Amino acid sequence: MREVRISLVGFGIVGHGVLEVVRRKRELLKKTGLDLKVVSVTDINGTLYDQNGIDPQMLHGARTLEGIANMDIIGKEAIQEVDSDLVVEVTPTNIVHGQPGLGHIEEALSQGKHVVTSNKGPLVVAFNHLKELAQENGVMLKYEATVGGTMPLISLIEKNLVGNDIRSIRGIFNGTCNYILTRMMEEKYTYSYALTEAQELGIAEADPTYDVDGIDTAGKVVILANSIFGMDAKYDDVQVTGIKDVTSEALNLAWERGYLIKLIGDVPALKVKPMLVPRRSPLAVGGTLNVASIETDLSGTITVTGLGAGSIETASAIVSDIVSIYTSRQIDA
Amino acid sequence: MRLSMDLELQDIPGQLMQSLEPFKEYKGNIISVVHHRDRKTPRGTVPVQIVFEIDPSNIDNVKKHLEKNGIVVVRAGEDRFIEEVSVLLIGHVVHTDLGDTINRIDSTGFAEVEDLSLRMPGIDEPSSAYMRIRATGKEEIGTSLSILRKVGAEKDLLVIEPIEAEKI
Ligand SMILES: NC(=O)c1ccc[n+]([C@@H]2O[C@H](COP(=O)([O-])OP(=O)(O)OC[C@H]3O[C@@H](n4cnc5c(N)ncnc54)[C@H](OP(=O)(O)O)[C@@H]3O)[C@@H](O)[C@H]2O)c1
């Protein structure tokens, strides 16, 4: 049995999910020969450390580490100090400078620790730099959860479609926009009404700019461009139009002619814009679903769909990445 | 010259072959045959669309020959527009001179706006227009879309293109 000591950095929606999924699946995952143990959790209040593994039930439902942390260190210092094999980086995304995640990931990789993250910021800002840093230190950087949440996309391409030339990836990468457009179409809601509803349901943030202006989708397009197409794309290279100007009349007009309107991210074209999607297309998924069509030379077009966000869903992609780091290494050896 | 013909065939074996025979006889070059077996007319006949290239002086002979074989020629004529694309515009579509927007496509000579529907929810509110553009080929469809994108930028309209357009 191989013990994997995990440091969790960031203890929000996704961080809680990771702790919970590891708790629920720890026994099952032992079948893969791995014993996953979260030895530390860090947020802005400090670090909670337990070398035997932190059981979320010990936290009694606490949302933050305030009053629970037993070490007075955060950020890079916590990554340095805690003896762990792998860092799960789940702090808030910043697409402009990538911090604090960028510093955390650099620190972890330099310390020879594997990194698994759902945080787009560092990858949008410095993908190639981080990949090189991982390689120099003989460790892996995995980021499935940054694009499409629980929907397997990067691993699908890297593992199952290996040998194929990937011609394009086009899809819906933002569940919030998809939800708003779906409600505007089905219920004839105005944009602002659908947005308010999404906010009340916790699907959209209080400041929805990041989602509805297409910024989040563009970030995912950059990550796919760099990771799958070997490009050196930056956020500013993406042509972005969000969904704010789409009206419910337009959605209904499109419907009558056999189309839906969806916010589509297109790689390697580096475009994000609302597009007409035929109602019968595999890309025509509703609600908060994400979907991606991968156009390949050998396998034709393959479409995957799944939930793009959510605490447990995102954590599931993170745990898959953790397991794949150790299982693919066994094959190497 | 490229032409197209809409025919109605009896739903009996051999009719399709019989309908193609006059084209062969008058040295027509068949480009495509679309057999709408699923769209039978109330008369029980099956609509067929044939696109072909032929010397225009032979077209009447082909028609006569077809009719002699008992095949109904519903329409025959030049078929310049063989590709089409749907586009949606959102914004002040009418107040930014919709006529001009359409004319920018029609005046190319290789494309035209064929079908147009409008939704105007109220004064000062953005309206939307659905249009179908037909053109002489794939490249011309692409050019028409870039014209619309340019017009959209000028007139502050959101131009929503179909996802399959790149593959046309
Ligand atoms: N939620 C989803 O469904 C989802 C899906 C895919 C990807 N993601 C991405 O995953 C990441 C985490 O998302 P989330 O929804 O869990 O965000 P969140 O709820 O805002 O949680 C972020 C956590 O990071 C902590 N944090 C902030 N600065 C820190 C620092 N310098 N050092 C250590 N911890 C710090 C925050 O502490 P405080 O709260 O005390 O400030 C909070 O615990 C984001 O990058 C997000 O874009 C989320």
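All of these numbers come straight from a predicted model, not from anything done at the bench. (Residues numbered from 1 in each chain as written. Chains lettered and ligands numbered in written order. Predicted model: local features only at pLDDT ≥ 70, side-chain atom pairs only at ≥ 80, totals over all residues. Heavy atoms only, no water.)

Points about the overall build of chain A
Counting its secondary structure elements, chain A contains eleven helices and twelve strands. Taking 20 Å as the expected radius of gyration for a compact globule of 333 residues, we find that chain A reaches 20 Å, a close match to that expectation. Principal-axis analysis of the C-alpha atoms gives chain A an extent of 60 × 45 × 35 Å. Counting across all 333 residues of chain A, residues that qualify as buried make up 55%. Across chain A, contacts joining residues at least 24 apart in sequence account for 68% of those joining residues at least 6 apart. Summed over all atoms, the accessible surface of chain A reaches about 14000 Å², with 48% contributed by carbon and sulfur. (Helix = DSSP H or I, 4+ residues; strand = E, 2+ residues; numbered from the N terminus. Rg over C-alpha atoms; globule rule 2.2 N^0.38 Å. Buried < 20%, exposed > 50% of the residue type's maximum accessible area, 1.4 Å probe, protein only. Contact = heavy atoms within 4.5 Å. Areas by Shrake-Rupley, 256 points an atom, 1.4 Å probe, with all protein chains shown as cover.)

Some remarks on the pattern of salt bridges
If you walk through the whole model with that rule in mind, you get 29 salt bridges over all chains. For the salt bridge of A:Glu197 with A:Arg183, the shortest nitrogen-to-oxygen distance reads 2.8 Å. Here the residue A:Glu197 occupies a position in helix H7 (residues 191-200), and A:Arg183 occupies one in helix H6 (residues 175-187), the gap between them amounting to 14 residues. Just as A:Glu197 is buried, A:Arg183 falls in that class too. Between B:Asp100 and B:Arg104 there is a salt bridge, with the nearest N and O atoms lying 3.5 Å from each other. Remark: B:Arg104 and B:Asp100 occur in helix H3 (residues 98-106); sequence separation between them is four residues, near one turn of the helix. Of the residues examined, B:Arg104 reaches a relative accessible area of 25% and is grouped as partly exposed. (Salt bridge = Lys/Arg side-chain N within 4 Å of Asp/Glu carboxyl O.)

Here's the deal with the side chain of A:Arg170
Mapped onto the elements, A:Arg170 comes out in strand E7 (residues 166-172). Take A:Arg170: its relative accessible area is 8%, and that puts it in the buried class. Only 3.0 Å separates the side chain of A:Arg170 from the backbone oxygen of B:Ile163, close enough to count as a polar contact. (Polar contact = N/O pair within 3.5 Å; in protein donor to acceptor, adjacent residues only side chain to side chain.)

Considerations on the site of the ligand
Residue and element names in this part refer to chain A. Contacts to the ligand come from 21 residues, most closely from Val14, Thr91, Thr93, Ser118 and Gly310. Thr93 is positioned such that a nitrogen or oxygen atom in its side chain is 2.6 Å from an oxygen atom of the ligand. Look at the ligand: alone it shows 900 Å² of surface, and the protein chains cover 76% of it. For the shell around the ligand, the secondary structure elements donating two or more residues are helix H1 (13-29) and strand E2 (34-43). When its residues are assigned to classes, the shell around the ligand shows nine nonpolar, ten polar and two charged. (Near = heavy atom within 4 Å. Nonpolar A, V, L, I, M, F, W, Y, C, P; charged D, E, K, R; others polar.)

Observations regarding the domain arrangement of chain B
Each domain of chain B was delimited in the assignment, giving domain 1 (2-77) and domain 2 (83-167). Computed over C-alpha atoms only, the centres of domain 1 of chain B and domain 2 of chain B are separated by 33 Å. (Domains from an automatic or database assignment.)

A look at the interface of chain B and chain A
Taken together, the contact between chain B and chain A spans 20 residues of the former and 23 residues of the latter. Both faces considered, chain B and chain A share a buried interface measuring about 2000 Å² in area, 62% of it formed by carbon and sulfur atoms. Remark: the boundary between chain B and chain A carries three salt bridges. Put simply, B:Asp115 and A:Arg257 hold a salt bridge, and the shortest N to O gap is 2.7 Å. If you look at where chain B meets chain A, you find eight residue pairs in polar contact (both at pLDDT 80 or more). Sorting the residues of the side of chain B that touches chain A by element identifies strand E5 (83-91), strand E6 (111-119), strand E7 (127-135) and strand E8 (158-160) of chain B as the ones contributing at least two each. The element contributing the most residues to the side of chain B that touches chain A is E5(B), with four residues. Partitioned by chemical class, the residues of the side of chain B that touches chain A number eleven nonpolar, three polar and six charged. (Buried area = accessible area lost by both parts, 1.4 Å probe.)

Some remarks on the packing of H6(A) against helix H10 (residues 248-256) of chain A
Residues and elements named next belong to chain A. Two elements in contact, H6 and H10, have axes separated by 8 Å at closest approach and are oriented at 75°. By the angle between their directions, the pair H6 and H10 is classed as roughly perpendicular. Side by side, H6 and H10 meet where Leu181, Met184 and Met185 of the first sit next to Ser248, Leu251, Asn252 and Trp255 of the second. (Axes fitted to C-alpha atoms, helices over the stretch in contact; angles between N-to-C directions. Parallel < 35°, antiparallel > 145°, perpendicular 65-115°, else oblique.)

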